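# Summary of structural features
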Amino acid sequence: MKILLDMDGVLVDFNAGFCEIHGRDGFVPDRWDAYSDWGMSDHDLWEPADDAEFWAALDWTDEGLAILKRCVE
């Protein structure tokens, strides 16, 4: 059996990690393109997240680890 899980906001806190790698305090979360306010090209914006180490270092959400453990069971 394979179970596909959404990491972004479900297992891990993508927004906090993404802001951190760009040296930002945050963004306006109610808009799809909130990051565009940072005035960066798409490449410069997303390139740092195109790395397994980035994803491995993200903090768990409150329920993320419990969800993963339950799926493993």
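That block above? That's the structure.
Figured I'd write up the structure that's included with this text. Here the structure is a predicted model, which is why all the values come from computation and not from measurement.

### As for the overall build of the protein chain
For the protein chain, the count of helices and strands is 4 helices and 0 strands. Taken over the C-alpha atoms alone, the protein chain extends approximately 45 × 25 × 20 Å along its principal axes. Counting only residues that meet the buried cut, the protein chain has 22% of its 73 residues in that class. Residue pairs at least 24 apart in sequence account for 58% of intrachain contacts in the protein chain once pairs closer than 6 positions are excluded. For the protein chain, the accessible surface area stands at approximately 5800 Å², while carbon and sulfur atoms represent 52% of it. Here the protein chain holds 5 positive side-chain charges and 18 negative ones, and the gap between their average locations is 9 Å.

### Some points on the packing of aromatic side chains
Enumeration according to the criterion identifies 7 aromatic pairs in this entry. When the centroid spacing of 4.9 Å and the interplanar angle of 25° are considered together, the rings of Phe 14 and Phe 18 count as stacked. Taken together, the positions of Phe 14 and Phe 18, both in helix α1 (residues 14-21) and 4 residues apart, correspond to about one turn of that helix. The residues Phe 14 and Phe 18 share a single accessibility class, namely buried. Centre to centre, the rings of Phe 14 and Trp 46 are 6.3 Å apart; their planes meet at 15°, and the pair counts as stacked.

### Section: the nonpolar core
Formed by Leu 11, Val 12, Phe 14, Phe 18, Cys 19, Tyr 35, Trp 38, Leu 45, Ala 49, Phe 54 and Leu 58, the largest nonpolar core amounts to 11 residues. If near-sequence neighbours (up to four positions away) are discounted, Cys 19 is found in contact with Arg 24, Gly 26, Phe 27 and Trp 38.

### A closer look at α1
For α1, the full list of buried residues reads Phe 14, Gly 17, Phe 18 and Cys 19. Looking at the buried positions of α1, the neighbouring elements they touch are α2 (42-46) and α3 (52-56). Within two residues after α1, Gly 23 carries a phi angle of roughly 65°, on the positive side.

Scoring rules and cut-offs
- Residues numbered from 1 in each chain as written.
- Predicted model: local features only at pLDDT ≥ 70, side-chain atom pairs only at ≥ 80, totals over all residues.
- Heavy atoms only, no water.
- Helix = DSSP H or I, 4+ residues; strand = E, 2+ residues; numbered from the N terminus.
- Buried < 20%, exposed > 50% of the residue type's maximum accessible area, 1.4 Å probe, protein only.
- Contact = heavy atoms within 4.5 Å.
- Areas by Shrake-Rupley, 256 points an atom, 1.4 Å probe, with all protein chains shown as cover.
- Lys, Arg positive; Asp, Glu negative; His and termini not counted.
- Charge placed at Lys NZ, Arg CZ, Asp CG, Glu CD.
- Phe/Tyr/Trp six-rings, centres within 6.5 Å; stacked < 30°, edge-to-face > 60°.
- Core = buried A, V, L, I, M, F, W, Y, C linked by side-chain atoms within 4.5 Å.

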